[in-house]
Amino acid sequence: MSGVQDKVQQHYDEMAEVYDSRYDHCRGRAYYSHISRHVMSHLPRRGRLLDLGCGTGLFVYRYTSHGGSAVGLDISRGMITRARARNHSADFGTGNAEMLPFRDESFDAVASLLAFSYMKNPGQMLKEAWRVLAPGGTLVICTLGRNLLTSGLPAIYSLGEAMRIRQVGMGAFGERYYSPGEMIALLEAAGFSEVSARKCSFAHLNLVDPLYTIARRIEPFVEEKIPSLAYNLIASGKKPGR
């Protein structure tokens, strides 16, 4: 692994015990459930799923609860330990999304939530996703999109690292945020068809009250009418063949 990947792995190993306090409680749960519903809307309900950057297995648990089967892969051993404790019916392993340890055409769907921004070689990750997908399989990615509100995050995260703030995602990891057009171009270059990308999620869990409460109320309007203000980006495509 590269130096940055080692840094990301170490950070999430250290954050594994507190990760769920961010994404599986109160407003964090509402935020994660919201983006999960967007991802789920693109996936086959009873297929075999590969979740890249699966963290503590939150999305794997949601997917298998709807009747599908799943495998979760994450760079962090600490995260995988937590994921295995949560999901006894799914398989988990540590690994790099840019070099997948699976046979060709092994999965009906590949998903990745809040991990794509860490990819140093996103084209290689997409190439690997294509390889392990069965013909007709679906890829869905949820990642932070690039806009005015997210453009300052790298500087904030670097400052937080310097101040030794212990929070999930707080560090200088060289993350990259994409526009819908950039995500469409990446997926099409990897060979995916029926490609789409759209912004979602305005009520980010980092917002303070009363801004968070207001954001939740107007979130459907923002997503439909002024998606440029939304924080996250959902990109999807299919592997031709069926």
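To start, this report covers the structure provided alongside it. Since we're looking at a predicted model, the values are computed, not measured. (Residues numbered from 1 in each chain as written. Predicted model: local features only at pLDDT ≥ 70, side-chain atom pairs only at ≥ 80, totals over all residues. Heavy atoms only, no water.)

1. Thoughts on the packing of helix α2 (residues 26–40) against helix α3 (residues 58–65)
In contact at an axis separation of 11 Å, α2 and α3 are set at 55° when each is read in the N-to-C sense. Comparing their axes, α3 and α2 come out oblique. As α2 runs across α3, the sense of the crossing is right-handed. For the pair α2 and α3, contact is made by Tyr32, Ser33, Ser36, Arg37, Val39 and Met40 and by Leu58, Phe59, Arg62 and Tyr63, respectively. Residues that form the contact of α2 with α3 fall into these classes: 6 nonpolar, 2 polar and 2 charged. (Axes fitted to C-alpha atoms, helices over the stretch in contact; angles between N-to-C directions. Helix = DSSP H or I, 4+ residues; strand = E, 2+ residues; numbered from the N terminus. Parallel < 35°, antiparallel > 145°, perpendicular 65-115°, else oblique. Left-handed = near helix turned anticlockwise from the far one by under 90°. Contact = heavy atoms within 4.5 Å. Nonpolar A, V, L, I, M, F, W, Y, C, P; charged D, E, K, R; others polar.)

2. Some remarks on the pattern of salt bridges
Overall, the coordinates contain 7 salt bridges when judged by the stated rule. The closest approach of N and O atoms between Arg131 and Glu128, which form a salt bridge, is 2.9 Å. A residue pair is termed a helical-turn pair when its members lie 3 or 4 positions apart in one helix, as Arg131 and Glu128 do in helix α5 (residues 122–132) at 3 residues. Look at Arg131 and you get partly exposed, because its relative accessible area is 22%. On the accessibility criterion, Glu128 (9% relative accessible area) is buried. For the salt bridge of Arg176 with Glu182, the shortest nitrogen-to-oxygen distance reads 3.8 Å. The exposure class assigned to Arg176 is partly exposed, which follows from its relative accessible area of 43%. One continuous salt-bridge network, built from bridges that share partners, spans Asp104, Glu128 and Arg131. (Salt bridge = Lys/Arg side-chain N within 4 Å of Asp/Glu carboxyl O. Buried < 20%, exposed > 50% of the residue type's maximum accessible area, 1.4 Å probe, protein only.)

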